[in-house]
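The chain contents come next:
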Amino acid sequence: MLVPLTWLREYVDLDVPLEELAARIHTSVAEVERIVRRGVPDDDGNLDLYRAGRVVEAGKHPNADRLQLCQVDVGEGEPRQIVCGAWNFGAGATVAVALPGAVLPDGQKLEQAKLRGEVSKGMILSERELELGQDHTGILVLEDGPEPGTPLADVLPLSDTVLELETTPNRPDLLAVYGVAREVAALFDRPLEPWPGSDPERAGNEQVPVKVEDPEGCPRYIGRLFREVAVGPSPPWLRARLVSAGMRPISNVVDVTNYVMHALGNPLHAFDRQKLADGRIVVRRARKGETIRTLDGADRTLDEPDLVIADAEKPVAIAGIMGSENSEVGESTAEVLLEAANFEPVAILRTSERLGLRTDGSNRWEKGVDPYLAEHAARLATELIVELTGARWLGEIDVKAELPKPPVIRLRPERASALLGLEVSPDQQRETLTRLGFEVSKRFDVTVPTWRARDVTREADLIEEVGRFRLDEISFTLPLRREMFGRLTKEQRLRRLVEETLVGAGLAEAYTSSLVPNDPEPNAIRLPEPLSADQAVLRTTLLPSLATAVERNVDAANDEIALFEIARVYLPPADPRPAERWRVAGILEGGYGRAKGVVETLHATLKLEPRFERGEHAFLHPGKTARTEAGFVGELHPARLGGSWGAFELDLGDLFGRVPDRLAYEDVITYPAVRQDLAFVVPEEVEAGELINAARAAAGPELRQVEIFDVYRGEQVGEGKKSIAFSVAFQSPERTLSDADAAALRQKIANTLAERFGAVLRSGT
């Protein structure tokens, strides 16, 4: 939301420093993304070099066919000679002039120059050069021109400061300059100006035929009729205001609808009434297969749940989203039907998402617009249309269902102080809420204003309203805990242990969305009404989201990237609800070996023995993936992410299920171990993990350690076979093992492996 300060100050008188204003808004209202200064720099007297000038003489440049040589009176007695490349004006026109030394909006400093042999002592400006609009085809001519020499800043909004706010979805009232002004007035205890706009005298009482067939989808529809409309460019002040708010000026009628939407937060639409069949409006659901060509030139097929604005024959707008080409206001328009309505949010959201069509209007409707706002918007728009187009306002209709009544909530002042951890007197609480537009009775029954009715629904919400205006008074220390209830469960304690272990292993924790555009699981749960195409599916695995985060870090040229995430996944349900499972996943540079080391460290922390077997995973390299009892560890396929990246994903429920409830102390063995290396030739398909498990079973507890240190394939072992070398340690807690004891254990292992896998002992030392 872009909020020009000149616009904001029309609704609330402010004389506080910009930095203080931005800081207070950022803390208590909405995040201030940035502060943008647009237009002519207003420092060091620069604005004094911009003046209104009257063209005394204008003629062809003697040395250039495309240039004019002008004499311009800028209030200095003698006119200035200025060379100009535009031809849309002549003698007698009042124009915008920048004198030598002026700094232009793009930072360029204007100097006196000689153009084709003639001196130019200034510059006649277009609206784009002043950042008042995008028109650069001709210079800006000031209608009803001021006297020569008048400071241009007195005539045009040359400079402005714009606050860019990041508003939250629960605050549609902040998608309006007046809504932000209401908050600022409350923050600084300044008076808020009344609702802008007043109805001019109506020139007639014509009928405006409007029928609402779906009052649930359109609880209110105000239609106003205007005749003798002169469509043309908007005045510079209006074009500049729209540009500052991030919108493109089009024509006076369309600009008025956009201006009112940004000012008050209620989207409007203007129809060319002569293009409406029978001149009537019908608000209804679309008929299956109906089509409409919207203002963006696209042909769109409608569905039965879509709410449309139609005339007697066809749809002329997708309600709350976009109008049609066959009813738009153009240069030939002489009659306008203004729509100031209210639409139910969910229907607008569904249609917008289904059609992939989002607009400034739909963005507001889908968050919920105050149904009482339509009349204020209609009033301001009517005043501006009559003023700017010379139109006659001839008729009005207000079709409405029973509008919702403002909710009433009981507030306990002592409860507010207890929750905030700050003593706020009842009178202070009453004052804060009243400044925000709430009505507070003596018993603290609080009537919520209609523009906050969707957001403030319970006592805690009222307490939040009080608290956000006193955030700078709240201590940074936690309140003293006098009692303690409950304790962490085993799963919670183990999850924290996993976090600490992974951080200690050098990984950084990441947080990614549970909603993804797609998922490798074909039966993954798809949301029936997703907010966007990128948030359509509940994920069944953490690795893809984590890989996206890694890619962003790679693109940002970060190094030593190692991320992990602990979060839920949502597996296809056996009943209507999804199966929610806690998982831990990680991706880090260094390939399979480093990821396996992290998994082994995690198992060691949990006092578990890891088992690795050859496995497959849709996100991992097919030849470099191992399966464990709780998940997978492997290497990302280079096609998914360039370089050597190790990855793992483990199911914490499966992992924690194996964690012992008690750890039994085992005395340190003081007798020395007998260490040997064993190499077995086995068929290629035999996995090393199977050999280790069989060796442990054969030798029993006296086989204290077994590790693989080499795998060999070649002519010496034969085709289809491989040699796997183990390092083993035999040790007894009761005595020192002899060479004969070690040989007997080695023979047990050899016999078992030969029997189960056809293994041949190649060497043993």
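Here is a short report on the structure shown in this document.

Conventions we followed
- Residues numbered from 1 in each chain as written.
- Predicted model: local features only at pLDDT ≥ 70, side-chain atom pairs only at ≥ 80, totals over all residues.
- Heavy atoms only, no water.
- Helix = DSSP H or I, 4+ residues; strand = E, 2+ residues; numbered from the N terminus.
- Rg over C-alpha atoms; globule rule 2.2 N^0.38 Å.
- Lys, Arg positive; Asp, Glu negative; His and termini not counted.
- Charge placed at Lys NZ, Arg CZ, Asp CG, Glu CD.
- Buried < 20%, exposed > 50% of the residue type's maximum accessible area, 1.4 Å probe, protein only.
- Contact = heavy atoms within 4.5 Å.
- Salt bridge = Lys/Arg side-chain N within 4 Å of Asp/Glu carboxyl O.
- Pairing = 2+ DSSP bridges.
- 1 Å grid on protein atoms, 1.4 Å probe; cavity = no way out; pocket = protein on both sides within 12 Å on 5 of 7 lines; lining within 4 Å.
- Points joined across faces, edges and corners; volume = space filled by probe spheres on them.
- Nonpolar A, V, L, I, M, F, W, Y, C, P; charged D, E, K, R; others polar.

Turning to the overall build of the protein chain, a few remarks are in order. Along the backbone of the protein chain there are 17 helices and 37 strands. Taking 2.2 N^0.38 as the reference for a compact globule, 765 residues should give roughly 27 Å; the C-alpha atoms of the protein chain span a radius of gyration of 37 Å, well beyond that estimate. Oriented by its inertia axes, the alpha-carbon framework of the protein chain measures out at about 120 × 75 × 60 Å. When the 92 basic and 124 acidic side-chain charges of the protein chain are each reduced to a single mean position, those positions are 4 Å apart.

So, about helix H4 (residues 236-244). For H4, the tally of buried residues reaches seven of nine residues, placing the bulk of the element in the interior. Taken together, the buried positions of H4 are Pro236, Leu238, Arg239, Ala240, Arg241, Leu242 and Ser244. Looking at the buried residues of H4, the elements they touch are strand S1 (2-4), helix H1 (5-8), strand S2 (31-39), strand S10 (159-166), helix H5 (252-264) and helix H8 (373-389).

Summed over all chains, the structure comprises 54 salt bridges. The residue arginine 358 makes a salt bridge to glutamate 366 at a minimum N-O spacing of 2.7 Å. The class for arginine 358 is partly exposed, based on a relative accessible area of 45%. Look at glutamate 366 and you get buried, because its relative accessible area is 16%.

Spatially, S22-S24-S23 is the arrangement adopted by the three strands of the open sheet, whose pairing is antiparallel. Both edges of this open sheet fall to strand S22 (408-410) and strand S23 (439-440), since each of them pairs with a single strand only. One ladder, built from two bridges, connects S23 with strand S24 (residues 445-447); its direction is antiparallel. In the strand pairing of S24, glutamate 439 is matched with threonine 447.

Of the voids in this model, the largest pocket is the one considered here, and its volume is about 1,000 Å³. Taken together, 31 residues form the lining of the largest pocket, with Lys596, Phe612, Gly689, Ile692 and Ile708 sitting closest to its centre. For the lining of the largest pocket, the secondary structure elements donating two or more residues are helix H14 (591-605), strand S30 (613-614), strand S31 (620-627), helix H16 (688-699), strand S35 (703-712) and strand S36 (721-730). In terms of residue class, the lining of the largest pocket is made up of eleven nonpolar, six polar and 14 charged. Of the volumes computed, that of the second largest pocket is approximately 800 Å³.

Moving on to the pairing of strand S32 (residues 631-636). Burial of S32 is extensive: five of the six residues sit out of reach of the surface. Bridge count between S31 and S32: four bridges; the pairing is antiparallel. Counted as the bridge partner of leucine 620 is leucine 636 from S32. Counted between consecutive antiparallel strands, the loop separating S31 from S32 contains three residues. As paired strands, S32 and strand S33 (residues 645-651) are joined by five bridges and run antiparallel to one another. Considered in S33, the bridge of glutamate 635 is made with glycine 646.

Looking at the element boundaries, threonine 257 is found in helix H5. Residue classification places threonine 257 among the buried positions, given a relative accessible area of 7%.

With that settled, the discussion passes to empty space enclosed by the protein. Evaluated as defined, the whole model comprises one cavity of 30 Å³ or more. If you trace the largest cavity, you find it lined by Leu678, Phe680, Leu691, Ala695, Val706, Phe726, Val728, Ile749 and Leu753. Put simply, the parts of the chain that give the lining of the largest cavity at least two residues each are strand S34 (674-683), H16, S36 and helix H17 (739-757). Along the lines of polarity and charge, the residues of the lining of the largest cavity split into nine nonpolar, no polar and no charged.

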